[in-house]
Amino acid sequence: MTRLEQAFLVSFAGWITLAAASCSAETRPTLRAGAAAVDITPRDWPLPMIGSFRYRPATGAHDPLRSRALVLDDGTETVAIAIVDSCYIPRETLDEAKRLAQAETGIPADRVLIAATHTHTAPPPAPGVGLRGPEPEQDSRNEQRYSRQLIDGIAASVARAFESLEPAEIGWARTDLPDEVFNRRWFMKNGTIPPDPFGGTTDRVRMNPPAASRDLIEPSGPVDPEAVVLSIRTAAEKPLAVLANYSLHYVGNIPAGLVSADYFGEFSLAIAKRLDAGEHFVGMLSNGTSGNINNINFSKPRSRREPFEQIRNVAGKLADAVAQAHAGIEYSPDASLAMEQVELALARRKPTRPIVEQSRTLLQGVRPSELTRRHIYAQRAIDLHEGPDSVSVVLQAIRIGDLGIAALPFETFVETGLAIKRDSPLQATFVISLANGAEGYLPTPEHHALGGYETWLGTSRVEEQASEKIREQLLSSLRNVAMEGD
């Protein structure tokens, strides 16, 4: 072969390589994203509010409730995430919302994650959920209307986010805000813990004990101070959406008789201001693993606050921390997506025969307006006794670039969330609780042994080993979606 022929072959090979690279760059899908918020504030009053052991009718709204949705599309996979201002939402309600969203967008239902924020000042998500009041007929009619409004609103938020898809860039960051999270389960001196609703006296820890009490010993577990921030901006580098995650149960102290999105809604407003984002920006705050975490430092006396004051304080501090971390985010226009959904069967806890008999006796002749905590737990015991022996729960794992999201339908203890973060194969991972259903509290086996409110029969409704099984499955799913990015 002559030198001229060799030079031609080298030149031709180089041209082929450049052409292939150019073709690959042109055909590689660009990440697209869309975000939307839909008002789901009730239109009909009064409505009871869930999240407590007493009947609390609401006659108006302090601030709006919303369903906030984010849709991501990498050209191969489409994923939707909706965060809803509600205390908790049963799976049946969310499944219907997913079916509607799929019909409107084509996004498969198993590629949609819907989670409640866990505000304790929201209406029942479905008829019959929560406590009954002295006007059950009026409440029931309004609950029926609100359930329909909620389902349609969630589906509409996903559909609007899908309709607004545009080329986007994505990135994430982590930061710590330890000031606002405290473990709420405390070891107490012997003989100072009240009996459980069934008369038992074996609890070794107490949830929300008297602040600064001499009977306090120490908290029964850790906290997770981390806030993880997923940020999406347009191709023109304008903020499009932020999905943050923080393990704080809720804040509370809302003016009486009013629904509110609590600090979750206030954060959405605050982060938009911190980022100087436009009117179409959507700020979202998901609840992490806060089943045993709240905003109260029980080692000190509690200072009095004006209604909503503490909510503004916490939301503002979190928005400041998120905005500071946000400033250092590096964005990518071609992050790939992967998602896996698995259903896991868990055994239901069952009451003993003496508890069943005791509960039936207690409930005889009781009117709705006379309900106490003992009556509520008696009814929960009967429901578990008469209900199915197992339940199938939805677990999801999502990979967005090198960021992982795990989702489960429980009020999850922080120990489970910390273990998932620690063992995840991805660079960073956060856990969204109360997603795709509402199956009660999820204590670890160690906490079941300690007792306390979160472990009581009826508060915790699945087998005592459930947290271990769920953790193992979510880590397996995270490994699966991580491999799809290799």
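See the structure printed just above.
Quick caveat: nothing in here was measured; it's all calculated off a predicted structure.

Caption draft 1: Structural detail: the sheet that holds strand β18 (residues 337-347). Read from one edge to the other, the open sheet built from 4 strands follows the order β18-β19-β20-β22, with strand pairing classed as mixed. Strands at the two margins of the open sheet, each flanked by one partner only, are β18 and β22 (428-432). Strand after strand, the sheet turns through a mean of 15° between neighbouring axes, direction not considered. Two strands pair when backbone bridges link them, and strand β19 (residues 390-400) and strand β20 (residues 403-407) are joined in this way by 5 bridges, in the antiparallel orientation. Pairing of I400 across the sheet is with L403, part of β20. Of the strands in this sheet, β20 and β22 are in contact with helix α8 (residues 414-423), which crosses β22 at around 155°.

Caption draft 2: Local environment of the pairing of β19. Taking burial as the measure, the 11 residues of β19 include 9 buried ones, the bulk of the element. As defined by bridge partners, β18 adjoins β19 across 11 bridges and the pair is classed as antiparallel. Note on β19: the bridge partner recorded for L337 is I400.

Caption draft 3: Quick peek at the packing of helix α4 (residues 262-274) against helix α5 (residues 309-326). The N-to-C vectors of α4 and α5 enclose an angle of 45°; their axes lie 8 Å apart at closest approach. Comparing the axis directions of α4 and α5 gives the class oblique. Regarding α4 and α5, the two cross each other, and that crossing is right-handed. Packed against α4, whose contacting residues are D262, Y263, E266, F267, A270, I271 and R274, the element α5 presents I311, R312, V314, A315, G316, L318, A319, D320, V322 and A323 at the interface. Among the residues making up the contact of α4 with α5, the classes are represented as 11 nonpolar, 1 polar and 5 charged.

Caption draft 4: Expanded view of the packing of α8 against helix α10 (residues 466-483). Remark: α8 packs on α10, axes separated minimally by 10 Å, with the N-to-C direction vectors making an angle of 25°. Regarding the angle of α8 to α10, the classification is roughly parallel. Crossing geometry of α8 relative to α10 is assigned as right-handed. Here T416, A419, I420 and D423 of α8 lie close against α10, whose contacting residues are S467, R471, L474, L475 and L478. Taken together, the residues of the contact of α8 with α10 break down into 5 nonpolar, 2 polar and 2 charged.

Caption draft 5: The arrangement of the pattern of salt bridges in detail. Counted according to the given criterion, the structure contains 27 salt bridges. For D95, the salt bridge is made with R91, and the minimal N-O distance between the two is 3.2 Å. Of this pair, D95 and R91 both sit in helix α2 (residues 91-105), separated by 4 residues, roughly a single helical turn. The salt bridge involving R461 is made with E439; its shortest N-O contact spans 3.7 Å. Linking R461 in the loop between α9 (445-450) and α10 with E439 in the loop between β22 and β23 (441-442), this pair joins segments that are 22 residues apart in sequence. By relative accessible area, which is 11% here, E439 ends up buried. Put simply, R174, D224, E226 and K421 are held in one network by salt bridges that share partners.

Caption draft 6: How the structure looks around the pairing of strand β6 (residues 78-84). A large share of β6 lies buried, amounting to 7 of its 7 residues. With burial as the criterion, each face of β6 is covered, one bearing T78, A80, A82 and V84 and the other bearing V79, I81 and I83. With 7 bridges connecting them, strand β5 (residues 66-73) and β6 associate as antiparallel partners. Bridging across to β6, S67 finds its partner in V84. Between β5 and β6, which follow one another and run antiparallel, lie 4 residues, and G75 among them has a positive phi close to 95°. For the crossover that starts at β6, traverses α2 and ends in the parallel strand β7 (residues 112-116), the hand is right-handed.

Caption draft 7: Region of the structure containing the packing of aromatic side chains. Tallied over the entire structure, the rule returns 7 aromatic pairs. Seen in terms of ring centroids, Y377 and W456 are 5.6 Å apart; in terms of plane orientation they differ by 80°. Their pairing is edge-to-face. Pair noted here: Y377 is in helix α7 (residues 373-386) and W456 is in the loop between α9 and α10, with a separation of 79 residues, a long-range link. With respect to class, Y377 is no different from W456; both count as buried.

Caption draft 8: How the structure looks around unusual backbone geometry. Following W45, the chain continues to P46 via a peptide bond in cis, the omega torsion being 0°. Within the secondary structure, P46 is located in the loop between β1 (32-39) and β2 (47-48). The backbone of L434 shows a phi angle near 50°, a positive value even though the residue is not glycine. Its place among the elements puts L434 in the loop between β22 and β23. One non-glycine residue with positive phi stands out, namely N436, at about 65°.

The rules behind these values
- Residues numbered from 1 in each chain as written.
- Predicted model: local features only at pLDDT ≥ 70, side-chain atom pairs only at ≥ 80, totals over all residues.
- Heavy atoms only, no water.
- Pairing = 2+ DSSP bridges.
- Helix = DSSP H or I, 4+ residues; strand = E, 2+ residues; numbered from the N terminus.
- Axes fitted to C-alpha atoms, helices over the stretch in contact; angles between N-to-C directions.
- Contact = heavy atoms within 4.5 Å.
- Buried < 20%, exposed > 50% of the residue type's maximum accessible area, 1.4 Å probe, protein only.
- Parallel < 35°, antiparallel > 145°, perpendicular 65-115°, else oblique.
- Left-handed = near helix turned anticlockwise from the far one by under 90°.
- Nonpolar A, V, L, I, M, F, W, Y, C, P; charged D, E, K, R; others polar.
- Salt bridge = Lys/Arg side-chain N within 4 Å of Asp/Glu carboxyl O.
- Right-handed = clockwise from strand over helix to strand, strands pointing away.
- Phe/Tyr/Trp six-rings, centres within 6.5 Å; stacked < 30°, edge-to-face > 60°.

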